[in-house]
Amino acid sequence: MPGFEWSTAADQRFNVNLSILFTELPLLERPAAAAAAGFTAVELWWPWIDSPTPARSELDALKKAIEDAGVRLTGLNFYAGQLPGPDRGALSLPGEESEKFRANIDVAAGFAVSLGCTALNALYGNRVEGVDPAEQDALALENLALAARAAHRIGAVLLIEALNKPESPLYPLVSAPAAVEVVDQVNATTGLGNAKFLMDLYHLSMNGEDLPAVIDAYAAKTGHVQIADNPGRGAPGTGSLPLQELLGRLRKAGYDGWVGLEYKPGDRPSAEAFDWLPREARAAR
């Protein structure tokens, strides 16, 4: 598998998504496994898919596992329902799921600030049959404004992500412009300016978007980047995406934030899924 040239990788700050990598291990063992693989930063989807408000003991146990591993939590999702699974977020779903999202806001923000995490991702949620999309969008804006204000209180950004239509056919934000439009609406509503675009190059490529054009247009509004190769959502080098070139373009466009490794390890242990990246390039500088 082709490796990144060190000159390019040295300019990136990589973190490992522990909700898609190292999932062969129990949650509390994953931070140490990432550290053993040479990484110093991790990110997570909301780990408790059945509970937006887990017991304090569960939160404390994960916090301790992250601290004991010596890694930094750089990104966390708000409660998003069954993810992985049928759900793609909760904040635009009227009724119980929206209430769960609201109940989660301060819990997620509190957990994030306890670990110095400054990026919170809010997945929009699927369209619901029989519900007016305009009603969902109004609810979404209300909940995203609440989330943005909570993020602002802890010095964090609120991330809004575009997914891909083939894998998430009921999700309305399936293009970079659609997600950035919501980012702009949230910022206009709150006046805080802390809503940012989560640019996932895998999802955007699955949508057939012109990735260099997306980077040029939206790098300045981007708060986080995630990568996986396409096809397959595997490690860089397993598909045909020119990820090295795209990350270089992002750097030239002024993006200097984290690059989340959000890919599937394939039929091998996660620890073996980083051979594309020299070990000396894994620790964040």
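Structural notes, computed from the coordinates. Every value quoted in this text rests on a predicted model; they were computed, and no experiment measured them.

## Side note on the pattern of salt bridges
Link 1 in the chain: The final tally for this structure, using the stated rule, is 12 salt bridges.
Link 2 in the chain: The closest approach of N and O atoms between Lys 100 and Glu 96, which form a salt bridge, is 3.6 Å. Separated by four residues within a single helix, Lys 100 and Glu 96 lie in helix H4 (residues 96-114), roughly one turn from each other.
Link 3 in the chain: With a relative accessible area of 21%, Lys 100 lands in the partly exposed category.
Link 4 in the chain: According to the relative accessible area criterion, Glu 96 is exposed, its value standing at 57%.

## Details of the nonpolar core
Soluble globular proteins tend to pack their nonpolar side chains together in the buried interior.
Link 1 in the chain: Phe 197, Met 199, Leu 261 and Phe 274 are the most contacted members of the largest nonpolar core, which totals 90 residues.
Link 2 in the chain: Here this core gets seven residues from one element, more than from any other, and that element is helix H6 (residues 176-190).
Link 3 in the chain: If we skip the residues at most four places from it in the chain, Leu 261 touches Phe 14, Asn 15, Val 16, Asn 17, Ile 20, Leu 21, Phe 39, Ile 227, Phe 274 and Trp 276.

## Observations concerning the packing of helix H3 (residues 56-69) against H4
Link 1 in the chain: Interhelical geometry of H3 versus H4 gives an angle of 25 degrees and a closest axis separation of 11 Å. In terms of orientation, H3 lies roughly parallel with respect to H4. Judged by the twist between their axes, the crossing of H3 over H4 is right-handed. The segment H3 lies against H4, with Leu 59, Leu 62, Lys 63, Ile 66 and Glu 67 engaging Val 107, Phe 111 and Ser 114.

## Comments concerning helix H5 (residues 133-153)
Link 1 in the chain: The first and last C-alpha atoms of H5 sit 30 Å apart over 21 residues, in line with the 30 Å expected at 1.5 Å per residue.
Link 2 in the chain: Listed as buried for H5 are Gln 136, Leu 139, Ala 140, Asn 143, Leu 144, Ala 145, Ala 147, Ala 148, Ala 150 and Ala 151.
Link 3 in the chain: On its buried face, H5 is in contact with H4, strand S4 (119-121), strand S5 (157-161) and H6.
Link 4 in the chain: The distance from a side-chain oxygen at the start of H5 to the backbone nitrogen of Ala 134 is 2.9 Å, and the residue carrying that oxygen is Asp 132.
Link 5 in the chain: Once H5 ends, the next one or two residues include Gly 155, with phi positive near 75 degrees.

## Quick notes on the packing of H5 against H6
Link 1 in the chain: Axis separation between H5 and H6 bottoms out at 9 Å; the angle between their running directions is 65 degrees. Compared by their axis directions, H5 and H6 come out roughly perpendicular. Crossing of H5 against H6: the hand is right-handed. Where H5 abuts H6, its residues Leu 141, Leu 144, Ala 145, Ala 148 and Arg 149 lie against Val 182, Gln 185, Val 186, Thr 189 and Thr 190.
Link 2 in the chain: Residue composition of the contact of H5 with H6, grouped by class: six nonpolar, three polar and one charged.

## Description of helix H9 (residues 243-252)
For the α-helix, the turn length of 3.6 residues means that residues three or four positions removed from each other point alike.
Link 1 in the chain: Burial in H9 covers these residues: Leu 243, Leu 246, Leu 247 and Leu 250. Viewed end-on, H9 has its buried residues packed into an arc of 95 degrees, placing them on one side of the element. Turned more than 90 degrees off the buried face of H9, the exposed positions are Glu 245 and Lys 252.

## Quick word on the sheet that holds strand S2 (residues 41-44)
Link 1 in the chain: Ordered by their spatial adjacency, eight strands build a closed barrel running S1-S2-S3-S4-S5-S6-S7-S8, and the pairing between neighbours is parallel. Taking each pair of neighbouring strands and ignoring which way they run, the sheet shows an average axis angle of 30 degrees.
Link 2 in the chain: Bridging between strand S7 (residues 222-227) and strand S8 (residues 258-261) involves three bridges; their strand directions are parallel. Bridging across to S8, Ile 227 finds its partner in Leu 261.
Link 3 in the chain: Relative to the sheet, H5 contacts S4 and S5, its axis offset from that of S5 by approximately 145 degrees.
Link 4 in the chain: Each of S5 and strand S6 (195-200) is contacted by H6, which is oriented at about 165 degrees to S6, the strand it contacts most.

Reading guide: rules and limits
- Residue positions are counted from 1 within each chain, in the order its sequence is given.
- Confidence filtering applies because this is a predicted model: local features only for residues at pLDDT of at least 70, side-chain atom pairs given and counted only at 80 or more, and all residues used for totals across whole chains, interfaces and linings.
- Remark: hydrogens and water are excluded; side-chain values derive from all non-hydrogen atoms of the structure.
- When a carboxyl oxygen of Asp or Glu lies within 4 Å of a side-chain nitrogen of Lys or Arg, that pair is called a salt bridge.
- Per the convention used, a helix needs a DSSP run of H or I reaching at least four residues, while a strand needs a run of E reaching at least two, with both numbered from the N terminus.
- Summary of the burial criterion: residues with accessible area below 20% of their type's maximum are buried, those above 50% are exposed, and those between are partly exposed, where the area comes from a 1.4 Å probe applied to protein chains only.
- The definition of a nonpolar core used throughout is a set of buried Ala, Val, Leu, Ile, Met, Phe, Trp, Tyr and Cys residues joined through side-chain atoms within 4.5 Å.
- In what follows, residue pairs with any heavy atoms lying within 4.5 Å of each other are defined as contacts.
- Between N-to-C directions, angles cover 0 to 180 degrees, with each direction set by a line fitted to C-alpha atoms, over the stretch in contact for helices.
- Oblique is the label for any angle not under 35 degrees, not over 145, and not in the 65 to 115 range, which are roughly parallel, roughly antiparallel and roughly perpendicular in turn.
- Each crossing gets its hand from how the near helix is turned against the far one by less than a right angle, where anticlockwise is left-handed and clockwise is right-handed.
- Given the number of residues in a helix, its expected span is that number minus one, multiplied by 1.5 Å.
- Contacts described as polar in this section are N or O atom pairs within 3.5 Å, which, within protein, must combine one atom able to donate a hydrogen with one able to accept it, while residues neighboring in sequence count only if both atoms come from side chains.
- Each residue gets one label: Ala, Val, Leu, Ile, Met, Phe, Trp, Tyr, Cys and Pro are nonpolar, Asp, Glu, Lys and Arg are charged, and the others, such as Gly, are polar.
- Arc, as used here, means the arc of the directions from the helix axis to the C-beta atoms.
- Strand pairing follows a simple DSSP-based rule, namely that at least 2 bridges must link the two strands.

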